[in-house]
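# Coordinate inspection notes
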Amino acid sequence: MTGSQRGGRRQGPPRSGHSRPERTVQPARKAAYDVLRAVSASDAYANLMLPVVIAEAGLDPQDAALATELTYGTLRRRGTYDAIIAAAADRPASDIDPAVLDALRLGAHQLLATRVAPHAAVNESVNLVAAAQGRGASSFANAVLRRISREGAERWQEIIESEARSDDERLALRTAHPVWVIRALRRALAAEDRAAELDALLDADNVSPEVTLVALPGLAEPGDPRRPYAATAFASPGGDPHRIVAGSGGRIRVQDEGSQLVALALAAAAPIRAGERWLDLCAGPGGKTALLAAIAHESGVTLEANEVVPARAGLVRNALRPVPGEVVVHEQDGRELASGRPGGFDRILVDAPCTGLGALRRRPEARWRKSPADVAELVPLQTQLLSAALDYLAPGGIVAYVTCSPHLAETTGVVQEVLRERPEYVELDAARVVAGLARNPIDLAEGSGHVQLWPHRHGTDAMFLALIQRPASDSQGD
């Protein structure tokens, strides 16, 4: 395995056979580069990796902010930067050593999208390459970055768009979204007769989201400024939100308002009766579970959770610690969990594994990591999980089917497929439920019954919600 496959740290002697000179790199840039390497080489998640790298590097708030901007900015526009790098290098980006390519991406972002002095952007990116891959690679990087620095962002955009083969390819280069993602988002908006909003959505995906916090009901009070819809949601007042979380003992947490709304909607879909049994079927990492647990504690309800991945099950248990009472966390395949308990639950949240195309603001690498093949692989799993959850419902019980993706195959396609086999089940008007619990009027598509939230319209992740109810009396065994 080469050094470029080991997070930027080459193993063994350098290719030249000589020791490499020590190169000085500003700590924020080194932190950003380390995260980019981990994302590229190890499929790491930047939002999980970056805080760890910042803490290990001991960065002060100013450097931490710079590292964050460099990391997320580079990841968001990676596809566009790769096209520019390929044009400047006269070779496909895929032919460039991955460790070198990540440094070039970081340098291109600084040159084309920040106020970093060009000489600093070039020199420190070259130093990163020299430290990782040696003098020969650094000479190549220096030549490419100096060529990039000779033209501005607008001119480079003209150059790469001139090679596009279609309008969608030009849009992809301009907005840094893969073509297949653009087409999926356009179809989802068109389903609401809002295809004209595509540009606004793509722009919103490239803006860093505000940090939103949740105050667990009965355990904490939301601060100011309040978010517009969820009664539990408020914006971070600034600074490090994790200090607020730690100071609250976990009763206040970081959580997107859209995630809060879909969990609150399950609780608000029908009056809660003491003694109900609830289940969070795909609970990791536990944010929605904690919110449901707080509501369950207030309402005299028993909640169970399930997460098939042991490490994520540990995150669920940690998220539940601030909530009084016990929530059993299973570690089973959700399709098999309640095979011996048909009709065992009154409300079930199915926050299904999905492509994550609704959270590209917060997980920008997902747009480059996912492909249409992932959709084809996930849809059968989503369908099976929702179908199993309906089997677990008690008469009159309700399932909330949720994805952090607006892709129609993962949302309405799954719901329609499952209900086609179960005509006795009823899709409730989730839009009415969400509108009823929202603190302010909320612009939702009319007539569909389900809810699709949008970054450009609601300031949330693009969460999807459908509520499905089992008849109060049917032939299904209890």
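These notes cover the structure that comes with them. Keep in mind that what you see is a predicted model, and the values were worked out from it rather than measured. The numbering scheme is per chain: residues are counted from 1 as the chain's sequence reads. Given that this is a predicted model, residues contribute local features only at a pLDDT of at least 70 and side-chain atom pairs are listed and counted only at 80 or more, while totals for whole chains, interfaces and linings are drawn from all residues. As a rule here, side-chain values come from all non-hydrogen atoms in the structure, and water together with hydrogens is ignored.

## What to know about the packing of helix 5 (residues 98-113) against helix 7 (residues 135-149)
Look at helix 5 against helix 7: their axes get within 10 Å of each other, and the N-to-C directions meet at 25°. When the interaxial angle is binned, helix 5 and helix 7 end up roughly parallel. Here helix 5 runs over helix 7; the crossing is right-handed. Every residue of helix 7 that contacts helix 5 at Val100, Leu104, Gly107, Ala108, Leu111 and Leu112 is listed here: Ala137, Phe140, Ala141, Val144, Leu145, Ile148 and Ser149. In this classification, Asp, Glu, Lys and Arg are treated as charged, Ala, Val, Leu, Ile, Met, Phe, Trp, Tyr, Cys and Pro as nonpolar, and every other residue, Gly included, as polar. Classifying every residue of the contact of helix 5 with helix 7 gives 11 nonpolar, two polar and no charged. Each axis is a line fitted through C-alpha atoms, taken for helices only over the stretch in contact, and angles between the N-to-C directions span 0 to 180 degrees. Under the scheme used here, helices are H or I runs from DSSP no shorter than 4 residues and strands are E runs no shorter than 2 residues, and both carry numbers assigned from the N terminus. Each angle is binned into one of four classes, with values under 35 degrees roughly parallel, values over 145 roughly antiparallel, values of 65 to 115 roughly perpendicular, and all other values oblique. Helix crossings get a hand from a simple test, with the near helix turned counterclockwise from the far one by less than a right angle marking a left-handed crossing and a clockwise turn marking a right-handed one. We call two residues in contact when some of their heavy atoms are within 4.5 Å.

## Observations concerning the nonpolar core
Soluble globular proteins tend to bury their nonpolar side chains together. The term nonpolar core refers to a set of buried residues drawn from Ala, Val, Leu, Ile, Met, Phe, Trp, Tyr and Cys, joined through side-chain atoms within 4.5 Å. The buried label goes to any residue with under 20% of its type's maximum accessible area, the exposed label to any with over 50%, and the partly exposed label to all in between, with areas taken from a 1.4 Å probe on protein chains only. Ranked by size, the top nonpolar core spans 52 residues in total, and within it Trp278, Ile442, Val451, Leu465 and Leu467 carry the most contacts. Among the secondary structure elements, those contributing two or more residues to this core are helix 13 (257-268), helix 14 (287-299), strand 5 (302-306), helix 15 (310-320), strand 8 (393-403), helix 19 (430-437) and strand 11 (464-469). If sequence neighbours within four positions are ignored, isoleucine 442 has contacts with Tyr229, Leu261, Val434, Ala435, Leu453 and His458. Judged by nonpolar contacts, the second largest core, of 51 residues, contains Val39, Ala67, Tyr81 and Val100.

## So, the pattern of salt bridges
We define a salt bridge as a contact between a side-chain nitrogen of Lys or Arg and a carboxyl oxygen of Asp or Glu at a distance within 4 Å. Summed over all chains, the structure comprises 32 salt bridges. Residues arginine 369 and aspartate 43 are paired through a salt bridge, measuring 3.8 Å at the closest nitrogen-oxygen approach. Here arginine 369 is found in helix 16 (residues 366-369), whereas its partner aspartate 43 is found in the loop between helix 1 (27-42) and helix 2 (46-57), with 326 residues between them in sequence. A salt bridge links arginine 273 to aspartate 346; the nearest nitrogen and oxygen atoms lie 3.6 Å apart. Of the two residues, arginine 273 sits in the loop between helix 13 and strand 4 (277-280) while aspartate 346 sits in strand 7 (residues 345-351), which places them 73 residues apart along the sequence. It is possible to trace a salt-bridge network through shared partners that takes in Glu192, Arg194, Glu197, Asp443 and Arg457.

## So, the packing of aromatic side chains
Side-chain rings of Phe, Tyr and Trp (the six-membered ring for Trp) are treated as a pair once their centres are within 6.5 Å; stacked means planes under 30 degrees apart, edge-to-face means over 60, and tilted covers the remaining angles. Enumeration over the complete set of coordinates arrives at one aromatic pair. Consider the rings of tyrosine 401 and phenylalanine 464, whose centres lie 6.3 Å apart with planes at 70°: the pair is edge-to-face. Here phenylalanine 464 lies in strand 11 and tyrosine 401 lies in strand 8, a separation of 63 residues in the sequence. Of the two residues, tyrosine 401 and phenylalanine 464, neither departs from the other in class, the shared state being buried. Its end group placed over the ring of tyrosine 45, arginine 369 keeps NZ or CZ at 5.2 Å from the ring centre. Above the ring of tyrosine 425, the side-chain terminus of arginine 422 is found at 5.7 Å from the ring centroid. The rule for a charge over a ring is simple: NZ of Lys or CZ of Arg within 6 Å of the ring centre, and within 35 degrees of the ring normal.

## Re helix 8 (residues 153-161)
Side chains three or four residues apart in an α-helix point the same way, a direct result of the helix having 3.6 residues per turn. Taken as a whole, helix 8 has its buried residues at Trp156, Gln157, Ile160 and Glu161. Projection of helix 8 onto a plane perpendicular to its axis shows the buried side chains occupying an angular sector of 125°, all on one side. Working note: the arc is built from the helix axis to C-beta atom directions.

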